[in-house]
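Examining the three-dimensional arrangement
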Amino acid sequence: MASWADEISAIIEKNIADFGGNEIETASVGTVVAVSDGIARVYGLQDVKYLELVEFPRTGIMGLAFNLEEETVSCPILGDYTHIREDDEVRTTGRVISVPVGDALIGRVVNPLGEPIDDRGPIVTDKTRPVERVAPGVITRKSVDTPVQTGIKAIDSMIPIGRGQRELIIGDRQTGKSAIAIDTIINQKGKDLICIYVAIGQRNSTVARTREILEQYGAMEHTIIVDAGASDPAPLKYLAPYSGCAMGEEFMESGRDALIIYDDLSKHAEAYRNISLIIRRPPGREAYPGDVLFV
Ligand SMILES: Nc1ncnc2c1ncn2[C@@H]1O[C@H](COP(=O)(O)OP(=O)(O)OP(=O)(O)O)[C@@H](O)[C@H]1O
Ligand SMILES: [Mg+2]
């Protein structure tokens, strides 16, 4: 009888010892209840934050806690959603989505998560910035006093563009909108203005050609290309302008100037509408991300 009790207490003691030795981590764990068109509906992530990265550990794919609903969380999947299945485990990461920033990105082509897609090795930087943050108020902004020379005489003489200003380029398709943007980047050589070209929903061949042109004119030395291609999932296209903006803001806050080109925002709006419809946000005008165009 005594030996039996001894054995039990030995087991308990061993368990306690093992428990102490284990590393303890906390993560909220949920389960995928449905996947459709790049969005996973996840049940059980009680303490997830808005725009927090979530991980699907079975595949290593990341997602974004995008719509916090009463029972579930809708997570756009930042990767190939065909690998995600119902009943997959989902873990919170505690990190709000952010991208690497700083000088290490200059000359590189990255995806909207800041991962290199140009076969030139990893990006070595320990600086990151959240993709979504409150923009500085109008009062704190300085008035425009320095021009951005596009190098196109008609524009620079008649409708000059300043640093700190936004300019919308609109026009029918194939009328040279992108050409203006690329010419402007090329014209910034040696002018102390870092350019960020955000290509949204373009064919890979088009972006490759743009990069070739920039390299040919030595303009990649002051340029970052953020590329969310036509075949990339909608969440990545949605994210692209925000990541480009975060990279630009880092330069701005370190006292340098940056020029960001979003080419083009209609593809971004389309991607957002796509996501909106799946997560049942209203599908009308309000399904478009007005803030990018109007704020
Ligand atoms: N000033 C110009 N003179 C002659 N050809 C031009 C000029 N600017 C651009 N092009 C040519 O016109 C074509 C369309 O240019 P671009 O791709 O810049 O147009 P876009 O408005 O961006 O088109 P999309 O709406 O498809 O994005 C390209 O082949 C380009 O080389
Ligand atoms: Mg274009």
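Residues numbered from 1 in each chain as written. Chains lettered and ligands numbered in written order. Predicted model: local features only at pLDDT ≥ 70, side-chain atom pairs only at ≥ 80, totals over all residues.

1. Notes on the packing of helix α5 (residues 234-253) against helix α6 (residues 265-278)
Each pair of packed helices can be described by the angle between their axes along with the distance between the axes. Their axes nearest at 8 Å, the elements α5 and α6 cross at an angle of 130°. Comparing the axis directions of α5 and α6 gives the class oblique. Considering how the two elements wind past one another, α5 and α6 form a crossing that is left-handed. Along its contact with α5, which presents Ala-234, Pro-235, Lys-237, Tyr-238, Ala-240 and Pro-241, the element α6 presents Lys-267, His-268, Ala-271, Tyr-272, Asn-274 and Ile-275. Of the residues assigned to the contact of α5 with α6, the class counts are eight nonpolar, two polar and two charged. (Axes fitted to C-alpha atoms, helices over the stretch in contact; angles between N-to-C directions. Helix = DSSP H or I, 4+ residues; strand = E, 2+ residues; numbered from the N terminus. Parallel < 35°, antiparallel > 145°, perpendicular 65-115°, else oblique. Left-handed = near helix turned anticlockwise from the far one by under 90°. Contact = placed C-beta atoms within 7 Å. Nonpolar A, V, L, I, M, F, W, Y, C, P; charged D, E, K, R; others polar.)

2. Things to note about the site of ligand 1
Looking at ligand 1, the residues that line it are Gly-171, Arg-173, Gln-174, Thr-175, Gly-176, Lys-177, Ser-178 and Ala-179. Of the residues assigned to the shell around ligand 1, the class counts are one nonpolar, five polar and two charged. (Near = placed C-beta within 6 Å.)

3. Considerations on α5
Since there are 3.6 residues in each turn of an α-helix, residues three or four apart along the chain are aligned in direction. Taking 1.5 Å as the rise per residue, α5 with 20 residues should run 28 Å; its terminal C-alpha atoms sit 30 Å apart, in good agreement. The largest bend in α5 is about 35°, located at Ala-240, with the proline Pro-241 one to four residues further on. A large share of α5 lies buried, amounting to 17 of its 20 residues. After α5 finishes, the residue Gly-255 shows a positive phi value of roughly 85°. (Expected span 1.5 Å × (residues − 1). Bend = angle between axes of the 7 residues up to and from the residue. Buried ≥ 20, exposed ≤ 12 C-beta atoms within 10 Å, placed from the backbone.)

4. Notes on helix α4 (residues 204-216)
For α4, spanning 13 residues, the distance from its first C-alpha to its last is 18 Å, which sits close to the expected 18 Å at 1.5 Å a residue. Taken together, the buried positions of α4 are occupied by Val-207, Thr-210 and Leu-214. One face of α4 carries all of its buried residues, which in axial projection span an arc of 60°. Opposite the packed face of α4, turned more than 90 degrees from it, sit the exposed residues Ser-205, Glu-212 and Gln-216. Contact partners of the buried residues in α4: α3 (177-187), β13 (193-200) and β14 (223-228). Where α4 terminates, the next one or two residues include Gly-218, which has phi positive at roughly 65°. (Arc of directions from axis to C-beta.)

5. Thoughts on the environment of Asp-103
Counting through the fold element by element, Asp-103 comes out in the loop between β8 (98-100) and β9 (109-110). Sequence separation between Asp-103 and Ile-275 is 172 residues, and the spatial gap between their C-alpha atoms is 32 Å.

6. Some details on the nonpolar core
Counting residues in each nonpolar core, the largest one holds 66 residues, and the members touching the most others are Ala-40, Ala-65, Cys-75, Ile-196, Tyr-197, Val-198 and Ile-260. A total of 10 residues in this core trace back to one element, the largest contributor, which is α5. Of the domains in this structure, domain 1 (29-96) and domain 2 (98-294) are the two that each give at least three residues to this core. Apart from the residues within four sequence positions on either side, Ala-65 is in contact with Leu-45, Val-48, Lys-49, Tyr-50, Leu-51, Glu-52, Val-54, Val-73 and Cys-75. (Core = buried A, V, L, I, M, F, W, Y, C linked by C-beta atoms within 7 Å. Domains from an automatic or database assignment.)

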